[in-house]
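# Structural characterization, general
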Amino acid sequence: MDYFIILMIAACAVFAGGIAAVVTRRDLKGVSRVGVPLGSALLVGASCLFVPYLPVLAFLGTVAAYLILRRLTSARLALATSGILLFGGCTFSVLIMMAALETM
């Protein structure tokens with residue numbers, strides 16, 4: 001059973017990092033080309049320790065917001081905004097799970 005949980009957390013992190021690498025590769029150069037997907041994977045993976053799958057949904061919402069903002073604004077502003085959205089979404093998903101566990 002423990003292996004399933006570890007595999008789920010790793011799969012969520014790899015999924016988030018892979019999608020972030022594919023979506024942002026044309027806008028990033030140098031170290032940030034590795035740093036942004038790695039940061040996304042770590043944040044989603046760390047959030048998945050507390051809440052299964054909700055951070056992945058927050059990540060997918062962030063990717064959609066990034067793609068829309070990328071068309072409307074510059075890449076730098078879209079990346080900054082999506083980073084804030086991802087952090088807020090992961091934090092909100094953990095807070096939702098905390099509230100749900102308190103009322104059980």
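The preceding data block contains the structure.
My aim in this report is to walk through the structure given alongside it, one point at a time. (Residues numbered from 1 in each chain as written. Predicted model: local features only at pLDDT ≥ 70, side-chain atom pairs only at ≥ 80, totals over all residues. Heavy atoms only, no water.)

## With respect to the packing of helix 2 (residues 32-48) against helix 3 (residues 54-72)
Between helix 2 and helix 3, the least distance of the axes is 8 Å, while the angle of their chain directions is 150°. Of the residues in helix 3, those touching helix 2 at Ser 40, Val 44, Ser 47 and Cys 48 are Pro 55, Val 56 and Phe 59. Here the contact of helix 2 with helix 3 is composed, by residue class, of 5 nonpolar, 2 polar and no charged. (Axes fitted to C-alpha atoms, helices over the stretch in contact; angles between N-to-C directions. Helix = DSSP H or I, 4+ residues; strand = E, 2+ residues; numbered from the N terminus. Contact = heavy atoms within 4.5 Å. Nonpolar A, V, L, I, M, F, W, Y, C, P; charged D, E, K, R; others polar.)

## A short note on the environment of Leu 49
Secondary-structure assignment places Leu 49 in the loop between helix 2 and helix 3. Taking relative accessible area as the criterion, Leu 49 reaches 58% and is therefore assigned exposed. As for Leu 49 and Ile 5, which are separated by 44 residues in sequence, their C-alpha atoms are 8.7 Å apart. (Buried < 20%, exposed > 50% of the residue type's maximum accessible area, 1.4 Å probe, protein only.)

## Let's talk about the nonpolar core
The biggest cluster of nonpolar side chains holds 15 residues, and the ones touching the most others in it are Cys 12, Val 44, Cys 48, Val 56, Phe 59 and Leu 86. For this core, the leading source of residues is helix 1 (residues 2-24), giving 6 residues. Those residues in contact with Val 56 that sit more than four places away from it in its chain are Cys 12, Phe 15, Val 44 and Cys 48. (Core = buried A, V, L, I, M, F, W, Y, C linked by side-chain atoms within 4.5 Å.)

## A look at a nonpolar patch on the surface
Among the surface-exposed residues, Phe 15, Leu 54, Leu 57, Leu 60, Phe 92 and Ile 96 lie close enough to one another that they form a single nonpolar patch of about 540 Å² accessible area. Put simply, the parts of the chain that give the nonpolar patch at least two residues each are helix 3 and helix 4 (75-102). Following the sequence through the fold, Leu 60 ends up in helix 3. According to the relative accessible area criterion, Leu 60 is partly exposed, its value standing at 38%. (Patch = residues over 30% accessible without salt bridge, like charges linked within 9 Å, V, L, I, M, F, W, Y side chains within 5 Å. Areas by Shrake-Rupley, 256 points an atom, 1.4 Å probe, with all protein chains shown as cover. Salt bridge = Lys/Arg side-chain N within 4 Å of Asp/Glu carboxyl O.)

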